[in-house]
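If you want the building blocks of each chain, they are given just below.
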Amino acid sequence: SECSKHIRFGTFDEANPYAALAPSQWLDDDEVCWVYYRQLSGGRAVAHLDSGELDVAMLGSTPYATAVARGAALTAVAVLHNKGTAQALVVRCALHGPQDLR
């Protein structure tokens with residue numbers, strides 16, 4: 001099938017994006033295609049989210065807390081894996097699902 005939407009996902013080597021996305025039901029739409037971009041750091045992922053280059057990213061707690069403290073419009077929507085609760089799935093505030101993407 002053809003993709004009507006592309007979701008740009010920032011990930012890093014250790015994380016497993018499918019673990020967070022499968023239970024979220026974001027994978028249930030056959031017309032949505034996920035495009036993965038390896039991020040070198042959480043800070044870079046935040047910059048790409050903030051600029052609109054990414055729609056979703058995996059972040060550790062430190063880059064997320066730093067970004068929110070500096071006023072970034074991000075929302076943590078899931079804890080990806082329990083490693084001292086260090087990681088979260090983060091999206092721009094206006095996103096609640098793939099239907100909210102441009």
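Residues numbered from 1 in each chain as written. Predicted model: local features only at pLDDT ≥ 70, side-chain atom pairs only at ≥ 80, totals over all residues. Heavy atoms only, no water.

Q: Hey, could you go over the confidence of the model for the chain for me, with residue numbers and the actual values?
A: Across the chain, pLDDT averages 77, with 73% of residues at or above 70. For the chain, per-element mean pLDDT is lowest for helix 1 (residues 17–24), which scores 60, and highest for helix 2 (residues 42–51), which scores 92. (pLDDT = per-residue confidence, 0-100. Helix = DSSP H or I, 4+ residues; strand = E, 2+ residues; numbered from the N terminus.)

Q: Can you explain the packing of aromatic side chains? Please cite residues and give values.
A: One pair of aromatic rings is described through two measures. These are the centre distance and the angle between the planes. Tallying each qualifying case throughout the model produces two aromatic pairs. Measuring from ring centre to ring centre gives 5.9 Å for Phe 9 and Trp 34, while their planes differ by 65°; the resulting arrangement is edge-to-face. Of the two residues, Phe 9 sits in strand 1 (residues 5–11) while Trp 34 sits in strand 2 (residues 32–38), which places them 25 residues apart along the sequence. For Trp 34, a relative accessible area of 15% corresponds to the buried category. Summarising the aromatic geometry, the rings of Phe 9 and Tyr 36 are spaced 5.4 Å apart at their centres and angled 50° between planes, so their arrangement reads as tilted. Placement of Phe 9 in strand 1 and of Tyr 36 in strand 2 is noted, with a sequence separation of 27 residues between them. (Phe/Tyr/Trp six-rings, centres within 6.5 Å; stacked < 30°, edge-to-face > 60°. Buried < 20%, exposed > 50% of the residue type's maximum accessible area, 1.4 Å probe, protein only.)

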